[in-house]
Amino acid sequence: MKQRHVGSGAGGMSGGGAGGLRVGVSERSGPGGLRVGGAGVRRAVFAPVERRARVDAVVRRIGDAIELGLLADGEQLPGESELAGQLGVSTMTLREALMALRQQGLVTTRRGRGGGSFVSLPGRPGQARLKTRLRGWSTEELRDLGDHWAALSGAAARLAADRTEPEDLRQLSRSIDEFMGAADTAARSRVYGRFHVELAAAAQSARLTREQVALQTEVGALLCLVLGDDEYREEVADRHRAVVLAVQDGARDSARTLAERCVEESAARLVALRLSL
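Keep in mind that this is a model prediction, so the values were computed, not measured.

So, about the overall build of the chain. For the chain, the count of helices and strands is eleven helices and four strands. Split into buried and exposed, the 277 residues of the chain put 50% on the buried side. Long-range pairs, those at least 24 residues apart, make up 74% of the contacts in the chain with a sequence separation of at least 6. Surface summary for the chain: the accessible area is close to 12,200 Å², and the carbon and sulfur share equals 47%.

What follows covers the packing of helix H10 (residues 230-249) against helix H11 (residues 252-276). At a minimum axis distance of 8 Å, the contact between H10 and H11 shows a crossing angle of 160 degrees. In terms of axis orientation, H10 runs roughly antiparallel to H11. In this structure, H10 crosses over H11, and the sense of that crossing is left-handed. Contact with H10, carried on its side by Tyr 232, Glu 235, Arg 239, His 240, Ala 242, Val 243, Ala 246 and Val 247, involves Ser 254, Ala 255, Leu 258, Ala 259, Arg 261, Cys 262, Glu 265, Ser 266 and Arg 269 of H11 and no other residues of that element. For the contact of H10 with H11, the per-class residue count stands at nine nonpolar, three polar and five charged.

Our next topic: empty space enclosed by the protein. Throughout the structure, instances matching the rule amount to one cavity of 30 Å³ or more. Size it by volume and the largest cavity reaches roughly 50 Å³. Surrounding the largest cavity, Leu 142, Leu 145, Gly 146, Trp 149, Val 219, Ala 267, Leu 270 and Val 271 form its lining. Secondary structure elements with two or more residues in the lining of the largest cavity: helix H6 (139-163) and H11. Here the element with the most residues in the lining of the largest cavity is H6; it accounts for four residues.

Here we take up the pattern of salt bridges. For the coordinates displayed, the defined rule picks out nine salt bridges. A salt bridge links Glu 265 to Arg 269; the nearest nitrogen and oxygen atoms lie 2.9 Å apart. With a gap of four residues between them, Glu 265 and Arg 269 both fall in helix H11, about one helical turn apart. Accessibility expressed as a relative area gives 28% for Arg 269, which makes it partly exposed. Beyond isolated ion pairs, a larger network of salt bridges with shared partners links Glu 178, Arg 194 and Glu 198.

Between helix H8 (residues 185-202) and H10, the least distance of the axes is 12 Å, while the angle of their chain directions is 15 degrees. Judged by the angle between their axes, H8 and H10 are roughly parallel. The way H8 lies across H10 gives a crossing that is left-handed. From H8, Arg 188, Tyr 192, Phe 195, His 196 and Leu 199 reach across to H10, where they touch Asp 230, Arg 233, Val 236, His 240, Val 243, Val 244 and Val 247. When grouped by side-chain class, the residues that make up the contact of H8 with H10 number seven nonpolar, two polar and three charged.

Moving on to the nonpolar core. Counting residues in each nonpolar core, the largest one holds 47 residues, and the members touching the most others are Tyr 192, Leu 199 and Leu 227. Taken together, the elements giving at least two residues each to this core come down to helix H5 (127-135), H6, helix H7 (170-181), H8, helix H9 (206-219), H10 and H11. With ten residues, H6 is the single largest residue contributor to this core. In this structure Tyr 192 touches Trp 149, Phe 179, Leu 223, Leu 227, Val 236, His 240, Cys 262, Val 263 and Ser 266, once residues within four positions along its chain are discounted.

Reading the values: rules and limits
- Throughout, a residue's number is its position along its own chain's written sequence, starting from 1.
- For this predicted model, a pLDDT threshold of at least 70 governs which residues receive local features, and a threshold of 80 or more governs which side-chain atom pairs are given and counted, while totals over whole chains, interfaces and linings are taken from all residues.
- Calculation of side-chain values draws on the structure's entire complement of heavy atoms; hydrogens and water are dropped beforehand.
- Helix and strand definitions here come from DSSP, where helices need a minimum of 4 consecutive H or I residues and strands a minimum of 2 consecutive E residues; each element is numbered from the N-terminal end.
- Buried residues are those whose accessible area, probed at 1.4 Å on protein chains only, stays under 20% of the maximum for their type, while exposed residues exceed 50% and partly exposed ones sit between those limits.
- Whether two residues touch is decided by their heavy atoms; if any such pair falls within 4.5 Å, the residues are in contact.
- The Shrake-Rupley method, run with a 1.4 Å probe, gives the accessible areas here. Residue values count only the displayed protein chains as cover.
- For helices, the fitted line uses only the C-alpha atoms of the stretch in contact; every axis is such a line through C-alpha atoms, and the angle between N-to-C directions lies from 0 to 180 degrees.
- Every angle not falling under 35 degrees, over 145, or within 65 to 115 is termed oblique; those three ranges are roughly parallel, roughly antiparallel and roughly perpendicular.
- Two helices cross in a left-handed way if the nearer one is turned anticlockwise from the farther one by less than a right angle. They cross in a right-handed way if the turn is clockwise.
- Polar here means any residue outside two lists: the nonpolar Ala, Val, Leu, Ile, Met, Phe, Trp, Tyr, Cys and Pro, and the charged Asp, Glu, Lys and Arg; Gly therefore counts as polar.
- The distinction between a cavity and a pocket rests on a 1 Å grid over the protein atoms alone: a 1.4 Å probe fits inside a cavity but cannot get out, while a pocket stays open yet meets protein on both sides within 12 Å along at least five of seven lines, and a residue with an atom within 4 Å of a point counts as lining.
- Grid points are joined across faces, edges and corners, and a volume is the space filled by probe spheres set on the points.
- Should a side-chain nitrogen of Lys or Arg be within 4 Å of a carboxyl oxygen of Asp or Glu, the pair is scored as a salt bridge.
- By convention a nonpolar core is built from buried Ala, Val, Leu, Ile, Met, Phe, Trp, Tyr and Cys residues, the set being connected through side-chain atoms within 4.5 Å.

Right, here's the structure in full:
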């Protein structure tokens, strides 16, 4: 019997379901099946942004969260005062960011009773927007991001191999099937990111899961740029299956190495694409 460790309370995590712990407590599901609206997801999306270029930071944070499916299509955002307070920006800064998001077609605003700002999920992220987003990263920053991501996923896989029972891995297997069946890059990137969030949840670590959710708002949308290749899609699916098998067998070191390599390959592809822009 593997060690069981349940994170709860302030971690915003709850147990249950075939996939073990899941993000948040809401039963609503966004595109790609990722549960949205839970405490852990919302804290990551609406955590204070950095002081530099705050309008751009808010646009990037919310825009990537929408495109990743962490915020559900049609979901109403918090009121301006509340959202500005959560993000740690002024109301004026928030209004400028919402205007930019409206221009990108990611947010709609309704006036009058029952009005507010609502998520408008595009069918697929705009390639021009994503390439502009990628140009904002230096190759050193992308490599550093890849290192951080690999460390998170590797640690989650190692802990999951110690703590998770085989029946708790069904959701990870379902995510692999959904990834293979995803026809467009937006759906593929959402399910890819969801797999790594679920892997952290399988580790029964609320902190790792929150970190993984926060990281996906940074890198998740960018994966659309490298997941269009069907051959690479199959390679990713094979890597994910290998991770699940290692976790199921309790092979902690192998699980960690396989998860790290999967992420490192994706990060390397982003770096290569950045160099070509």
